[in-house]
Amino acid sequence: MKAHHTLPLLTILCLMTMHAVAQTIGGGNQHSVLLCAPGQLRSTGLAMFGQLGNGTTDATTTHVPVSMLDGVERISVYQHQTIALRNDGTVWTFGYQVGTTGTFDALPVQVAGLTNIIDVAIGFAHAVALRSDGTVWTWGDGLFGQLGNGQMGPGTVSLTPVQVSGLSNIISIAAGGYHTLALRNDNTVRAWGLNANGQLGDATLNNSAFPVNVIGPTATALAVGNNHSLMLRSDGSIWAWGHNAQGALGDGTTVDKATPVPSLANTGFVSVKAGVDHSMAIRDDGTAWAWGYNAYGRLGDGTWTNRLEPVAVLGLSDVLEVAGAAGHSLARTADGAIWVWGNNEFGQFGNGTLTSSLVPLQVDVECGDPSSTGITSERERTTWTIRPNPASDVFHITLTQGTPHTRIWLTDPTGRVVIAPRSVTGPHLELAVNGLPAGVYFVHLLFPDGYAESQRVVVQ
């Protein structure tokens, strides 16, 4: 990564929980997109708007490569479009063009004028980007004020990014149907756009073309559905507001709320995400939970029953990331496996079938082994040990023989580099990981003759 992009991102990583680092899986209306190692995208499902990003409009029931350069760092998927952030701070989109009528890109297109971007999010008709200087930029349809530039109404469209008015020190963004949330570095929340169900959280039902203060507690992470909003608090509780007819707020009722209220996901949670009309979260024990609308079994509890409070997603453990779509859901576990459940009528599972499922199914997708560097050798395997593992501050690495000029680096389970490669010498190496979010990582060693090996480690 370039220095101007890496430093702000690392600052954010240290502030966020292990499950809120980046969105690397996503689902739209009838398709799914995955970030694979090393920074490559795969997609599956319906393609009528080019949303698979492979240059065609041909649907598929198995994952196909997105025609995009390596180095993708995070994605956001909604309805028929995807936005992707590369590790050089540039932003790319494919699928339905936000702010247009019937126009789409079947190949990824770079969004002009955006540099030094560290976070992206996409809604039904607008897209959002966070710059490393803490400013927020939007483009697309502004009918309900979702551009945040003071304008709204018919014909309010910008196909190039415009700066959201009056925002500074933003560290995270989330977008959904027609509204956006932004998290400031003081952990307060701003919102703008459609507010018919109280999803802006300002105690009104008035749409806003300017950011308004979300009334209530501070947050550490945000999520946005079609017409509802959620926040994760530092005490491990989740609060929610907006549309609640199917129970997406998880507070045990079906009554809309115009300000944040505590959900029944009230302790031990480390991540929160939203589908169109359902919500998802991860607990600190690695289990996944869901609530809200449950058509096609998108909650993963083995039923079609709407849930007004959180229920456990069946059969999943060591969950690192979840994502809710229109009719299906996805998860990534610590071993790099991808799981899907819910509606599969258009091949959005990517498992070669059109069969839906009420419980999670593991997808056999050629996503690349996150622990592999892609360098092979015929020589005998080198023995090296890592102690302690797990560790909270430093991993001590011992080689069986002193190999000079070894290169060492650390990646997360998606293959993203979190500690840059550096040269080390001798049989005893140290890798400092204090400050990194807790979770699973892979240590990689590259030896002078081109031989490489990797080992799984856990940061506490």
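None of the values given here were measured: they were computed from a predicted structure. (Residues numbered from 1 in each chain as written. Predicted model: local features only at pLDDT ≥ 70, side-chain atom pairs only at ≥ 80, totals over all residues. Heavy atoms only, no water.)

(A) Main features of the overall build of the protein. A count of helical and extended segments in the protein gives one helix and 35 strands. Long-range contacts, defined as pairs at least 24 residues apart, comprise 52% of the intrachain contacts of the protein with a sequence gap of at least 6. Per element, the accessible surface of the protein, about 16700 Å² overall, is 52% carbon and sulfur. (Helix = DSSP H or I, 4+ residues; strand = E, 2+ residues; numbered from the N terminus. Contact = heavy atoms within 4.5 Å. Areas by Shrake-Rupley, 256 points an atom, 1.4 Å probe, with all protein chains shown as cover.)

(B) Structural detail: the nonpolar core. Counting residues in hydrophobic clusters, the biggest one holds 20 residues, and the most contacted among them are Phe395, Ile397, Ile408, Leu410, Leu431, Val433 and Val443. Secondary-structure elements contributing two or more residues to this core are strand S29 (384-387), strand S30 (394-399), strand S31 (406-411), strand S32 (417-424), strand S33 (428-432), strand S34 (439-446) and strand S35 (452-459). Once residues lying within four places of it in the same chain are set aside, the contact partners of Phe395 are Ile386, Arg387, Pro388, Asn389, Pro390, Leu429, Glu430, Leu431, Val433, Val457, Val458 and Val459. Core analysis: the next-biggest nonpolar cluster, separate from the first, contains 16 residues, Leu85, Trp137, Trp139 and Val276 among them. (Core = buried A, V, L, I, M, F, W, Y, C linked by side-chain atoms within 4.5 Å. Buried < 20%, exposed > 50% of the residue type's maximum accessible area, 1.4 Å probe, protein only.)

(C) The arrangement of the sheet that holds strand S24 (residues 307-312) in detail. Judged by pairing direction, the sheet is antiparallel, and its four strands sit side by side in the order S21-S22-S23-S24 without closing on themselves. With partners counted over all chains shown, the strands left at the sheet margins are strand S21 (269-274) and S24, one partner each. Pairwise comparison of adjacent strand axes, ignoring direction, gives a mean angle of 20° for this sheet. Pairing of S21 with strand S22 (residues 278-283) involves five bridges; the strand directions are antiparallel. Following the sheet pairing, Ala274 is matched in S22 by Ser279. (Pairing = 2+ DSSP bridges. Axes fitted to C-alpha atoms, helices over the stretch in contact; angles between N-to-C directions.)

(D) Structural detail: the layout of surface pockets. Reported here for the second largest pocket is a volume of approximately 270 Å³. For the lining of the second largest pocket, the element with the highest residue contribution is strand S7 (residues 91-96), accounting for four residues. Taken together, the residues of the lining of the second largest pocket sort by class into ten nonpolar, eight polar and one charged. (1 Å grid on protein atoms, 1.4 Å probe; cavity = no way out; pocket = protein on both sides within 12 Å on 5 of 7 lines; lining within 4 Å. Points joined across faces, edges and corners; volume = space filled by probe spheres on them. Nonpolar A, V, L, I, M, F, W, Y, C, P; charged D, E, K, R; others polar.)

(E) Main features of the side chain of Thr333. Inspection of the secondary structure assignment puts Thr333 in strand S26 (residues 328-333). Here the side chain of Thr333 touches Asp335 through a polar contact of 2.6 Å, side chain to side chain. When sequence neighbours within four positions are dropped, the list of residues in contact with Thr333 reads Ser317, Asp318, Val319, Leu320 and Trp339. (Polar contact = N/O pair within 3.5 Å; in protein donor to acceptor, adjacent residues only side chain to side chain.)

(F) A look at the confidence of the model for the protein. This prediction gives the protein a mean pLDDT of 87; 87% of its residues lie at or above 70. Segment residues 1-21 is flagged for pLDDT under 50; beyond a separation of four residues in sequence, or across chains, it makes 46 contacts in the model. In this model residues 369-381 is a low-confidence stretch, pLDDT under 50, and it forms 29 contacts with partners more than four residues away in sequence or in other chains. (pLDDT = per-residue confidence, 0-100.)

(G) Spatial organisation of the sheet that holds strand S3 (residues 40-45). Strand order in the open sheet formed by four strands is S1-S2-S3-S4, with antiparallel pairing between adjacent strands. With partners counted over all chains shown, the strands left at the sheet margins are strand S1 (25-27) and strand S4 (60-65), one partner each. Within the sheet, the average angular offset between the axes of one strand and its neighbour, ignoring direction, is 15°. Here three bridges tie S1 to strand S2 (residues 31-36), and the two strands are oriented antiparallel to one another. The residue bridging Gly26 from the neighbouring strand is Val33, located in S2.

(H) Geometry of the environment of Gly148. Following the sequence through the fold, Gly148 ends up in the loop between strand S11 (136-141) and strand S12 (157-163). A sequence separation of twelve residues divides Gly148 from Val136, and the C-alpha atoms of the two residues are 9.3 Å apart. Each residue touching Gly148, except ones within four places of it in the same chain, is listed here: Val164, Ser165, Trp192, Ala209 and Pro211.

(I) Up close: the pattern of salt bridges. The final tally for this structure, using the stated rule, is six salt bridges. Across the pair Asp119 and Arg74 runs a salt bridge, and its minimum N-O distance is 3.1 Å. Placement of Asp119 in strand S9 (residues 117-122) and of Arg74 in strand S5 (residues 72-78) is noted, with a sequence separation of 45 residues between them. On the basis of relative accessibility, which here comes to 8%, the residue Asp119 falls in the buried class. The class of Arg74 is buried, set by a relative accessible area of 7%. A salt bridge links Asp251 to Lys257, with the nearest nitrogen and oxygen atoms 2.7 Å apart. For the pair shown, Asp251 and Lys257 are each scored as buried. (Salt bridge = Lys/Arg side-chain N within 4 Å of Asp/Glu carboxyl O.)

(J) A look at a nonpolar patch on the surface. A contiguous nonpolar surface patch, about 200 Å² in accessible area, is contributed by Leu314, Val359 and Leu361. Relative to the elements of secondary structure, Leu361 occurs in strand S28 (residues 357-363). (Patch = residues over 30% accessible without salt bridge, like charges linked within 9 Å, V, L, I, M, F, W, Y side chains within 5 Å.)

(K) Quick peek at unusual backbone geometry. Residue Pro388 is reached from Arg387 by a cis peptide bond, and omega for that bond is -15°. In this structure, the amide linkage connecting Asn389 to the following residue, Pro390, adopts the cis form with an omega of 15°. Structurally, the position occupied by Pro390 is in the loop between S29 and S30. One non-glycine residue, Asn116, lies in the positive phi region at around 55°. Turning to its location among the elements, Asn116 is positioned in the loop between strand S8 (104-110) and S9. A relative accessible area of 23% places Asn116 in the partly exposed class. At Asn169, a residue that is not glycine, the phi angle is positive and equals roughly 55°.

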